[in-house]
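Spelled out from the first residue to the last, the chains are:
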Amino acid sequence: MKYEELLQTAESLLNDQPTEISLLANASAFLNEVLSEMNWIGFYIYDGIVLNVGPFQGRAACATIPLGKGVCGESALQNKTMYVDDVLNYNNHIACDANSRSEVVVPMYVNNTLYGVLDIDSPIFKRFDQALIAFLEDFTQILIKQLTFMTV
Ligand code: SME
């Protein structure tokens, strides 16, 4: 399926989820179903001090990440999508799953406040191209729109 169609499917699937956990759990399951060659897909949620692991698909991961630490902490702090095409050669990478080789983290700011990040790891070097990264940013916007209503 093309990214545009996947976004439309995601819009209808993720509309009207009853809780934030339901929304993020189904979002990680959806991405895991439609993306190939990924080993970790999920969320870290900001509690006002650190990032804590949220709903995800993959192996058990680091529970807590300080702001600025790892690719997740860096993305959250800078409010910037981070793409690392070779995590073995990136100093500020936290290796939760030893199989990871490339990674994308998309920050999630809701009502101008840090909410968390979407983190996706692949066991393949340079797995993410610009079209896939743009898709993940658009997908995250669908979640942010839902969270805007849920977190007021
Ligand atoms: N690699 C991430 C840590 C989270 S795991 O990949 C699930 C990082 O460097 O922030």
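Look up a bit, the structure's there.
So, here's what we can say about the structure. (Residues numbered from 1 in each chain as written. Predicted model: local features only at pLDDT ≥ 70, side-chain atom pairs only at ≥ 80, totals over all residues. Heavy atoms only, no water.)

### What to know about unusual backbone geometry
And then number 1: Phi at Asp16 is positive, roughly 65 degrees, even though this residue is not glycine.
And then number 2: Structurally, the position occupied by Asp16 is in the loop between helix 1 (3-14) and helix 2 (20-34).
And then number 3: A positive phi angle is found at Asn111, which is not glycine, with a value near 50 degrees.
And then number 4: Mapping Asn111 onto the fold places it in the loop between strand 5 (102-110) and strand 6 (113-122).
And then number 5: Taking relative accessible area as the criterion, Asn111 reaches 44% and is therefore assigned partly exposed. (Helix = DSSP H or I, 4+ residues; strand = E, 2+ residues; numbered from the N terminus. Buried < 20%, exposed > 50% of the residue type's maximum accessible area, 1.4 Å probe, protein only.)

### Describing helix 3 (residues 70-78)
And then number 1: The element helix 3 is extensively covered by neighbouring structure, given that seven of its nine residues are classed as buried.
And then number 2: For helix 3, the complete set of buried residues consists of Gly70, Val71, Cys72, Gly73, Glu74, Ser75 and Ala76.
And then number 3: On the buried face of helix 3, the contacting elements are strand 1 (40-46), strand 2 (50-58), strand 3 (64-66), strand 4 (82-84), strand 5 and strand 6. (Contact = heavy atoms within 4.5 Å.)

### A closer look at the site of the ligand
And then number 1: Near the ligand lie 13 residues; those nearest to it are Val71, Cys72, Ile94, Glu103 and Asp121.
And then number 2: A distance of 2.8 Å separates an oxygen atom of the ligand from a polar side-chain atom of Asp121.
And then number 3: Among the elements of the structure, strand 1, helix 3 and strand 6 are those that each provide at least two residues to the shell around the ligand.
And then number 4: Examining the composition of the shell around the ligand, we find that three residues originate from one element, helix 3, more than from any other. (Near = heavy atom within 4 Å. Polar contact = N/O pair within 3.5 Å; in protein donor to acceptor, adjacent residues only side chain to side chain.)

### Points about the nonpolar core
The tendency in soluble globular proteins is for nonpolar side chains to be buried as a group.
And then number 1: If you look at the biggest cluster of nonpolar residues, it comprises 30 residues, and the most contacted ones within it are Leu31, Leu136 and Phe139.
And then number 2: With nine residues, the top contributor of residues to this core is helix 4 (residues 130-150).
And then number 3: Of all hydrophobic cores here, the second largest spans 13 residues; its members include Tyr44, Ala76, Val87 and Val105. (Core = buried A, V, L, I, M, F, W, Y, C linked by side-chain atoms within 4.5 Å.)

### Focus: the state of the cysteines
And then number 1: Inspection of every chain in the model, using the stated rule, returns one disulfide.
And then number 2: The disulfide partner of Cys62 is Cys96, and the S-S distance across this bridge is 2.0 Å. On the sign convention where negative means left-handed, the S-S torsion of about -120 degrees between Cys62 and Cys96 marks this disulfide as left-handed. You can see Cys62 sitting in the loop between strand 2 and strand 3 and its partner Cys96 sitting in the loop between strand 4 and strand 5, a full 34 residues away along the chain.
And then number 3: Taking the relative accessible area as the measure of exposure, Cys96 reaches 32% and is therefore partly exposed.
And then number 4: With no disulfide of its own, Cys72 lies 7.6 Å from the sulfur of Cys96, the closest cysteine sulfur. (Disulfide = S-S within 2.5 Å.)

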